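One-letter residues, chain by chain:
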Amino acid sequence: MQKLLHFPKTPSLIHNYFFPRPSSISSSLSQFSLFVSCIRSYKSVSTSRCFSGTTMASSATVLPPPIDECLGRRFWIKYTNVWRQAMYTPFVVSLAAGNLKLDSFRHYIAQDVYFLRTFAKVYEMAEECADDDDAKVGIHQLRQSVLEELKMHDSIVKEWGVDLSKDSSPNAATVKYTDFLLATAAGKVGVAKAPGKLATPFEKTKLAAYALGAMTPCMSLYAFLGKELQAFLDPSEDTHPYRKWIKSYSSDEFQASALQTVDLLEKLSVSLTGEELDIIEKLYLQAMKLEIEFFLAQPLNQKTVVPLAREHNPAEHCLMLFSDFDLTCSVVDSSAILAEIAIITSQKWVQNQPNELENQLVRMSSVDMRGTWADLSKQYTEDYEQCIEEILQCNKEEKFNYEGLRKALGDLSDFEKKANLRVIDAGVLKGLNVEDIKRTGERLILQDGCTSFFQTAISDENLNTKVHVLSYCWCSDLIKSAFSSGGLDTVHIHANEFVYENSLSTGEIVKKVESPIDKVQAFTDILQNSSKDKKYLTIYIGDSVGDLLCLLEADIGIVIGSSSSLRRVGTHFGVSFVPLFPGVIKKQKQCVEESLSNWEGLSGVLYTVSSWSEICSFVLGC
């Protein structure tokens, strides 16, 4: 029942959905789909990041960009889930940790020299097409910056003895990327005429804009990585082998060049049509994907901690994924969804003069039911906050104390069970049709990236993946339908269940998972009942205090979202919350050839992420 009827701060939207005057269940479900879509958009934008300003490692959240925000920044925010993959590539993680093998870095430098020469050529082609004098000057300056970057590479080449005549043959990913840039600048992508046949200055400027659209992702990504990786340089030491490379891209000069590229893209695009701006967006996205391919193509003959699936042997290993459901997978809490179905059902049956059986099950008007739900929600919220404050009354632990935390959450477990009893006794869950519940589940929109992550993990036979969802949800049918609609019928659901008579809920609940203690017991039972001939890597993904014990028991506990109560309670008992990327870099530093750094449960460390796509990049490299 946790988070009952809690939503993002959009009161008018909530009122329009939760206080409808529907003529039928189906019409209300259509309104529900629209409502969830709006909430999904709100949450998706509000958790995005921009490459400038605070870095990802801080786990801060950026507000949605203004409507008139420039193209480069809008695309950067929109495609966060794409460029984030670069952070979790084996090459970037090893480089940041400082244990990337020198041969791999030499190969990268040779490929990058080839790429940068093309990059400078594309700037030259764009400069020739630009009609505005200021734009020409700006593009010329950017080309000069690339030439300076090549000089930096030359010094690395001499310092580390890279033989470009031997190592400079471009690999397939480099060729694919450079061919794309040259084709774009030559008018072979997105325009109908070749440069020599472009009749007007406007047509030529459009071509320059397309070229900048394809080049901006590289500049933005390297500026971001430079700042992000700078955090792993110890200012008191000079031992990091790739300090010079990192400092170059984190420098004020390179950051300024990246911003200048974004500004020039905006300047060149100001007079373009919506269709032409769509072309630029497609070029931007394609270029960003080619950047990821470029990093992935760098050969690494060494152990790395990412992606987790890399060292997976299906004959010996099993990847066990555990997840909470409400607000971890779902956008809206299931208790609020079931409450609204109950209210709509009551309205429908009263209007249609229900038969005797239905009349026995639905005992209150929709007005009374809505008021009862409001009272239950208010009492739950007040009692929950009081319970959390009581837990925090004990002395704060200096070190991680799992047993103390478990004992404290026992009190929370008693509270959750009493809250469920109040709901049952109130009779507000009576008369819900199982088919209405299933239809609602099928339309339920999950968090961005959640479904695709599970789909990818399950479909890869080499991973031998099992997925278990542990939830306080009162009705497992709702969750099953939500996952089945995404083709995830093999997901194991561990939740409470409604009792039905003739497809209508009686108001009673088969209680299976009501509390933090129930959740961790289910987690333990699943592992104990699993085959003993496999080695299990367990990952638990959750967002609330109720998930704390499971998060800590798992080999890797991943916190998604920003629950303040979870952090307060966890920190009080010595739990450390570490942004995932810095946590991965630390693990990579501990990684040596003979022994891959182990992930182990009950370490007292939990890893925080901003989205499911970050989890996917870390676990699967997607």
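**Q** Is there a simple way to explain the environment of Cys591 in this structure?
**A** Secondary-structure assignment places Cys591 in the loop between helix 24 (580-589) and strand 10 (605-609). Sequence separation of Cys591 and Thr304 is 287 residues, and the distance between their C-alpha atoms is 7.0 Å.

**Q** Would you mind showing me how to read helix 25 (residues 612-619) here?
**A** An α-helical turn contains 3.6 residues, so any two residues separated by three or four positions project in the same direction. Burial within helix 25 is extensive, with eight of its eight residues counted as buried. Looking only at helix 25, the buried set comprises Trp612, Ser613, Glu614, Ile615, Cys616, Ser617, Phe618 and Val619. With its phi angle positive at about 75°, Gly621 sits one or two positions after the end of helix 25.

**Q** Could you clarify how one ought to interpret the packing of aromatic side chains in this entry?
**A** In this description, an aromatic ring pair is defined by two values, namely the gap between the centres and the angle between the planes. Considering all chains together, one arrives at 38 aromatic pairs under this definition. Aromatic side chains Phe325 and Phe483 sit 5.9 Å apart centroid to centroid with 65° between the ring planes, which places their arrangement in the edge-to-face category. Taken together, the residues span a long stretch of sequence, with Phe325 in the loop between strand 1 (317-323) and helix 14 (334-351) and Phe483 in helix 20 (residues 476-484) at a distance of 158 residues. With respect to class, Phe325 is no different from Phe483; both count as buried.

**Q** Any chance you could explain the state of the cysteines here in plain terms?
**A** A full pass over the atoms with the stated rule returns one disulfide. Across the disulfide, Cys616 is cross-linked to Cys622 (sulfur-sulfur distance 1.7 Å). Looking along the S-S bond of the Cys616-Cys622 disulfide, the torsion reads about -55°, which is the left-handed sense. Overall, Cys616 belongs to the buried group, its relative accessible area being 7%.

**Q** Explanation requested: the pattern of salt bridges in the structure shown.
**A** A pair can form between side chains of opposite charge whenever their charged atoms are brought close. Under the counting rule described, the total for this entry stands at 17 salt bridges. Asp547 is paired through a salt bridge with Lys519; the nearest N and O atoms lie 2.5 Å apart. Residue Asp547 is found in the loop between strand 7 (535-542) and helix 22 (548-553), and its partner Lys519 is found in helix 21 (residues 516-528); the two are separated by 28 residues along the sequence. In this structure, Asp547 and Lys519 share a single accessibility class: buried. Three or more residues are tied together by salt bridges with common partners; here these are Asp324, Lys519 and Asp547.

Definitions and limits used
Residues numbered from 1 in each chain as written. Predicted model: local features only at pLDDT ≥ 70, side-chain atom pairs only at ≥ 80, totals over all residues. Heavy atoms only, no water. Helix = DSSP H or I, 4+ residues; strand = E, 2+ residues; numbered from the N terminus. Buried < 20%, exposed > 50% of the residue type's maximum accessible area, 1.4 Å probe, protein only. Phe/Tyr/Trp six-rings, centres within 6.5 Å; stacked < 30°, edge-to-face > 60°. Disulfide = S-S within 2.5 Å. Salt bridge = Lys/Arg side-chain N within 4 Å of Asp/Glu carboxyl O.

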